[in-house]
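These are the residues of each chain, in order.
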Amino acid sequence: MVQNEIGNHSLAGTALPVELARQAETLAEHARREGLDFYPTIFELFDTDQMNQIAAYGGFPQRYPHWRFGMEYERLRKQHTYGLGKIFEMVINNDPCYAYLVRDSAFVDKKTVIAHVYAHCDFFKNNVWFAQTNRRMMDEMANHATRIRRYIERYGLEEVEKFVDVCHSLENLIDPHSVFIRRQKGRAQRIIERPAREDRPDRATRFPAKEYMDRYINPPKVMAEEEREAREQHERERGRLPARPLRDIMLFLLNHAPLQDWQADVLSIIREEAYYFAPQGMTKIMNEGWASYWHSTIMTNYGLRADELITYAEHHAGTLATSPGRLNPYKLGIELFRDIERRWNTGRHGPEYERCEDMQARREWGRGQEPKGRVVGRGSPGREKIFEVRRIYNDVTFLDEFLTPEFVDEQKLYHYRFDPATRRMVVVERDFEKIKRQLLFMLTNHAQPYIYVLDGNYRNRGELYLGHRHIGVDLDIKYAVETLKNLHAVWRRPVHIHARIDDDPILFSYDGEKSTQQKMDKTVDPPANVLN
Amino acid sequence: MKIHKDHQRFRQIVRGKIREDLRKFLTRGELLGREGKHLISIPVRGIETPHFRYGDNSDAGVGSGEAQPGDKADADGEGVGPGGTEEGHHILEVEISLDELADILGEELELPRIQPKGKKRITSEKDRYSGIRQTGPESLRHFRRTFRRALRRELMAGTYNPENPRIAFERRDKLYRSWKTVRQPQSNAVIVYMMDVSGSMGDDQKELVRLEAFWIDAWLRRNYEGIESRYIVHDVRAGEVDRETFFRIREDGGTRISSAFKAARDLLENHYETSEWNCYLFHFSDGDNSSDADSRECCALLKERLLPGINMFGYCQVASAYGSGHFINVLHEHLSDQDNMITTRVNTKDDIYDSIKAFFSKGK
């Protein structure tokens, strides 16, 4: 059933027609003059159905075969059929950058999207969270596809698919903040050992004593006993696995689970792809905000012909539209960038401004200092600042640092919550602190729970023990139970996760046959590491 | 295209899961009321990939707009929060076409395809809104397009005021939706459902009938381009009702089954020429007819007037605490030589599976 189809069925779009290519070059010149710095960008045109296909593959024309992409494709196709959404553009973080445009859109739409793409590409190239991503991912993805196809040929579709399903179930168990730590590759490498203690840990405590008193103050029998205990303790710690709580559970499995070579390779492929996509999840608001800021700036200053204005305005407004209960990342991002630019142009930052409690004075602050006329590139303090922001922030730090009560007020943000009585989402309040906390919570770790490996040799029986760091919200029990089963499929020994449910610490376990849960008490052995 | 392989694989998995659960769907009302015109949404277990994720107490979020505390924040029926946006967290709803569902039913029950009789294809005309034109009734005005033309005109004329952005439409701005007439194949099959609604038929019995009728519908619709359904209820008298009433109506009193057969006869004679139409008659009752004389009349009606022209008459007897359940025996006694009559007994929901199988295993 599976044939080798490398190279023949790959999706191919068409290059831009001459006039559009010329426009793209002009827009690129404007973008460069404005200070955007991007990889060479290759544009291709696709029809809507092809766009849906590529989007289902996460933007890549080549992915390994899996039904999940088919499911996503069906969802996108349906969404398009019902008029609920249409994909106009896709950009791939790659050098050269690939960008896909939908063929049957107005000329002005294509120009807008091209300007938008250059800013995305600038963001990929310059934002520090992307610094460690593979810029040859296009080839790498194709490579992954080839490898997994080969395994399917050798081991059968069902077998490989089943294992890919398991890996997908665990794919969020990575540590996206570890991009700056050199990620370890390969299963041969061991987890970093805990640094050896400087003092002799296996030595018992000896109290100072005069020689003739020594055997009373430090009785040899007790000393020997203590020494033995200390040595055992040291041995235990030395053999502790992992040496400290570890978030990159996929890596831990790669290094320590009893996997066949092909399984280890599949797991490493899915882990690598998860790491590649992680920064995009961490910078959604910034990235879309930045791209919208620049397509708006470039189009309104240079790109628009008079007869294109209305179409442009309609589509730009559509992109930034908000609806109840929905936070539009494009809108939040562009407004926050503009707010930062305005604040830095008018000096509304720093201790002096922060301390000022006179609302009138705050409102009037720096009035008249705004740059006159058109600013190009980094030609104003505000522009200087937003270029710095796009370089070193991610969504969490971006909002944490720059969200102000004035901004929340101006954008009419509110906090809503599920109301069990009416079974609907209900607006709760407009309190700045609450809104900010909620936003940050939604973005922290992409709203994924923090899970750590605490023990890879639990109870000295080779069992795997995970822990959930509780930051206000419980784990979903049903999902946790199902995920444990998949974890067991990799670890092949009993697996446990320690989580807090309704304020009670609970240990969920799966031993290959049945799922159990028990309240944590003294009868439960502690794991090698604890979460503090 | 590669995605089509992945898509096919996904559909294959979905079909497999539905097939596994088919007996459950056949015996529980889960699918009732979920069907649209062509599609049905089916809850499918075990397709979604589980992750360690937050539970329900994270259902909160941030929105924007003019709302006051206490207002609903989910006009779209959902919000964005860390808990995800899907309704029903644990079961994925998959839409499949009614035809596909019927195919799964057919595969699972090993039903042969029906050979329709009558070659004649009847077509009917239908209007479909698909274009835009300059003239038309105001009710069909395309607001967005009209607005854009008016805005452009006012911008060019210099009458647009950004401070007071009011746009007045003129005759030449206006655009209207227009329609095309398309011909569609029309049905050449009819199902006549008859149900005993006398005092002895309770809610449980009607639930059985509803489920049975759902699957009968599904299978016959798969086999004909289009199909009409008619509904007759009876106690001592019979009358035609609409679908909603059919499943809800509750009467008291006795049972005279012949009244329903007479009503069906009249319906077929007046509207459905049996030489052109594929006719299916189904009768649901607890089998407690009021007199033997009436039962004999029923047999005569069936034998002489109904059975000769139609594809099939299905009699489905549901168990009831009150009824004697004798009617099915009468039918067996008098009409056992009629091969287009099929009788089944449905005592509990578990019997629906076999009942459907019995009705359609002959491929009529």
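A quick note: this is a predicted structure, and the numbers were derived from the prediction, not measured.

Peer 1: Tell me about unusual backbone geometry, and name the residues and values.
Peer 2: Residues and elements named next belong to chain A. Residue Pro96 follows Asp95 across a cis peptide bond; omega there is 0 degrees. Mapped onto the elements, Pro96 comes out in the loop between strand E2 (89–92) and strand E3 (97–102). Residues other than glycine seldom take positive phi values, yet Arg459 does so here, at roughly 55 degrees. Structurally, Arg459 is set in the loop between strand E6 (450–458) and strand E7 (463–469). For Arg459, a count of 14 C-beta atoms within 10 Å translates into the label partly exposed.

Peer 1: Describe the pairing of strand E9 (residues 504–510) of chain A, listing the residues and the values that go with them.
Peer 2: Residue and element names in this part refer to chain A. Taken together, the seven bridges between strand E8 (residues 495–501) and E9 define a ladder with antiparallel strand orientation. By the bridge assignment, His498 is partnered in E9 with Leu507. The hairpin formed by E8 and E9 contains two residues between the paired strands, and Asp502 there has a positive phi angle of roughly 50 degrees. Note that E9 and strand E10 (residues 515–519) share five bridges and pair antiparallel. By the bridge assignment for E10, Ser509 is matched with Thr516. Here E9 folds back onto E10 in antiparallel fashion, the turn holding four residues, of which Gly512 has a positive phi close to 100 degrees.

Peer 1: Talk me through the confidence of the model for chain B; I want residue IDs and the actual numbers.
Peer 2: Residues and elements named next belong to chain B. This prediction gives chain B a mean pLDDT of 82; 90% of its residues lie at or above 70. Note on residues 75–90: pLDDT under 50 across the span, and 34 contacts to partners over four residues away in sequence or across chains. Here the predicted complex scores 0.80 on pTM and 0.82 on ipTM.

Peer 1: Outline the domain arrangement of chain A, listing residues and values.
Peer 2: Segmentation of chain A into domains returns domain 1 (140–183 + 248–281), domain 2 (216–246 + 449–532) and domain 3 (321–365 + 379–443). Between domain 1 of chain A and domain 3 of chain A, the C-alpha centre-to-centre distance is 37 Å.

Peer 1: Describe the interface of chain B and chain A, naming the residues involved and giving the relevant values.
Peer 2: Between chain B and chain A, the residue contacts involve 44 residues of the former and 58 residues of the latter. Residue assignment for the side of chain B that touches chain A shows that the elements contributing at least two residues are helix H1 (2–20), strand E2 (60–64) and helix H4 (143–157) of chain B. By residue number, the principal contributor to the side of chain B that touches chain A is H1(B), which donates eight residues. Across the side of chain B that touches chain A, the residue classes tally to 16 nonpolar, 15 polar and 13 charged.

Peer 1: Pulling in residues and values, what's your account of the packing of helix H13 (residues 329–345) of chain A against helix H16 (residues 381–392) of chain A?
Peer 2: Residue and element names in this part refer to chain A. Their axes nearest at 7 Å, the elements H13 and H16 cross at an angle of 135 degrees. Put simply, H13 runs oblique to H16. The way H13 lies across H16 gives a crossing that is right-handed. Contacts between H13 and H16 involve Phe337, Ile340, Glu341, Arg342, Trp344 and Asn345 on the former and, on the latter, Pro381, Gly382, Arg383, Lys385, Ile386 and Val389. Of the residues contributing to the contact of H13 with H16, the split by class is six nonpolar, two polar and four charged.

Peer 1: Describe the confidence of the model for chain A, and please don't skip the residues or the numbers.
Peer 2: Per-residue confidence for chain A averages 88 on the pLDDT scale, and 92% of its residues sit at or above 70. When the criterion is pLDDT under 50, residues 1–10 of chain A qualifies, and its contacts beyond four places in sequence or with other chains add up to eleven contacts.

Peer 1: Outline the environment of Ile249(B), listing residues and values.
Peer 2: All names here are of chain B. With respect to the helices and strands, the residue Ile249 is situated in the loop between helix H6 (243–248) and helix H7 (257–271). Along the backbone, Ile249 and Lys206 are 43 residues apart, and their C-alpha atoms lie at a distance of 9.5 Å. Among all residues touching Ile249, those that are not within four sequence positions of it are Val197, Val233 and Val241.

Peer 1: Account for the sheet that holds strand E4 (residues 413–419) of chain A, with residues named and values stated.
Peer 2: Sheet architecture is open: three strands sit in the order E5(A)-E4(A)-E2(B), paired in antiparallel fashion. Each end of this open sheet is capped by a strand with a single partner; those strands are strand E5 (424–429) of chain A together with E2 of chain B. With strand direction ignored, the average angle separating the axes of adjacent strands in the sheet is 40 degrees. Where E4(A) and E2(B) come together, five bridges link them in antiparallel fashion. Paired with His415(A) across the two strands is Val62(B), which belongs to E2(B). Against the sheet, helix H19 (residues 432–443) of chain A makes contact with E4 and E5 of chain A together with E2 of chain B, and its axis sits at roughly 115 degrees relative to E2(B), the strand it touches most.

Analysis parameters
Residues numbered from 1 in each chain as written. Chains lettered and ligands numbered in written order. Predicted model: local features only at pLDDT ≥ 70, side-chain atom pairs only at ≥ 80, totals over all residues. Helix = DSSP H or I, 4+ residues; strand = E, 2+ residues; numbered from the N terminus. Buried ≥ 20, exposed ≤ 12 C-beta atoms within 10 Å, placed from the backbone. Pairing = 2+ DSSP bridges. pLDDT = per-residue confidence, 0-100. Contact = placed C-beta atoms within 7 Å. Domains from an automatic or database assignment. Nonpolar A, V, L, I, M, F, W, Y, C, P; charged D, E, K, R; others polar. Axes fitted to C-alpha atoms, helices over the stretch in contact; angles between N-to-C directions. Parallel < 35°, antiparallel > 145°, perpendicular 65-115°, else oblique. Left-handed = near helix turned anticlockwise from the far one by under 90°.

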